[in-house]
Amino acid sequence: MADDPMDDTLVRARSLVIDLERHIDRAATDHDLAEIGRAWVRATQLERALRSLLPDSATSGVDVPDAEIG
């Protein structure tokens, strides 16, 4: 089977989601701000991985809006 860049990226994205959930769970359980930072890094890596699947025209000059909490 030939390597498929989309499949590889989606497998990587899934792994990042699992890591992200783990860091959020630890942050909630232990009230550890370092885990929040680690979750943030995973979220950024996830965004980059998913953006890499889109054509340049779909992502150039586009900012991801901040999520409203609360």
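These numbers come from a predicted model, not from an experiment.

Reading the values: rules and limits
- Residues numbered from 1 in each chain as written.
- Predicted model: local features only at pLDDT ≥ 70, side-chain atom pairs only at ≥ 80, totals over all residues.
- Heavy atoms only, no water.
- Patch = residues over 30% accessible without salt bridge, like charges linked within 9 Å, V, L, I, M, F, W, Y side chains within 5 Å.
- Areas by Shrake-Rupley, 256 points an atom, 1.4 Å probe, with all protein chains shown as cover.
- Salt bridge = Lys/Arg side-chain N within 4 Å of Asp/Glu carboxyl O.
- Lys, Arg positive; Asp, Glu negative; His and termini not counted.
- Charge placed at Lys NZ, Arg CZ, Asp CG, Glu CD.
- Helix = DSSP H or I, 4+ residues; strand = E, 2+ residues; numbered from the N terminus.
- Axes fitted to C-alpha atoms, helices over the stretch in contact; angles between N-to-C directions.
- Parallel < 35°, antiparallel > 145°, perpendicular 65-115°, else oblique.
- Left-handed = near helix turned anticlockwise from the far one by under 90°.
- Contact = heavy atoms within 4.5 Å.
- Expected span 1.5 Å × (residues − 1).
- Buried < 20%, exposed > 50% of the residue type's maximum accessible area, 1.4 Å probe, protein only.
- Polar contact = N/O pair within 3.5 Å; in protein donor to acceptor, adjacent residues only side chain to side chain.

1. Quick look at a negative patch on the surface
Stage number 1. On the surface, Asp-3, Asp-4, Asp-7 and Asp-8 cluster together to form a negatively charged patch.
Stage number 2. Mapped onto the elements of the fold, Asp-4 is located in the segment before α1 (5-30).

2. Topic: unusual backbone geometry
Stage number 1. If you check the backbone angles, His-31 has positive phi at about 55° while not being a glycine.
Stage number 2. Mapped onto the elements, His-31 comes out in the loop between α1 and α2 (33-51).

3. Points about the packing of α1 against α2
Stage number 1. Look at α1 against α2: their axes get within 8 Å of each other, and the N-to-C directions meet at 160°. In terms of orientation, α1 and α2 fall into the roughly antiparallel class. Relative to α2, α1 is oriented so that their crossing is left-handed. Contact residues: α1 offers Thr-9, Leu-10, Arg-12, Ala-13, Leu-16, Val-17, Asp-19, Leu-20, His-23, Ile-24, Arg-26 and Ala-27, while α2 offers Glu-35, Ile-36, Arg-38, Ala-39, Arg-42, Ala-43, Gln-45, Leu-46, Ala-49 and Leu-50.

4. Examining α1
Stage number 1. If you check α1, its first and last C-alpha atoms are 37 Å apart, about what 26 residues at 1.5 Å a residue would give, namely 38 Å.
Stage number 2. Those residues of α1 lying buried are Thr-9, Ala-13, Leu-16, Asp-19, Leu-20, His-23 and Ala-27.
Stage number 3. Its buried side turned inward, α1 meets α2.
Stage number 4. Put simply, Asp-4 is the residue that caps the front of α1, since its side-chain oxygen is 3.1 Å from the backbone nitrogen of Met-6.
Stage number 5. Looking one or two residues past α1, His-31 carries a phi angle of roughly 55°, positive in sign.

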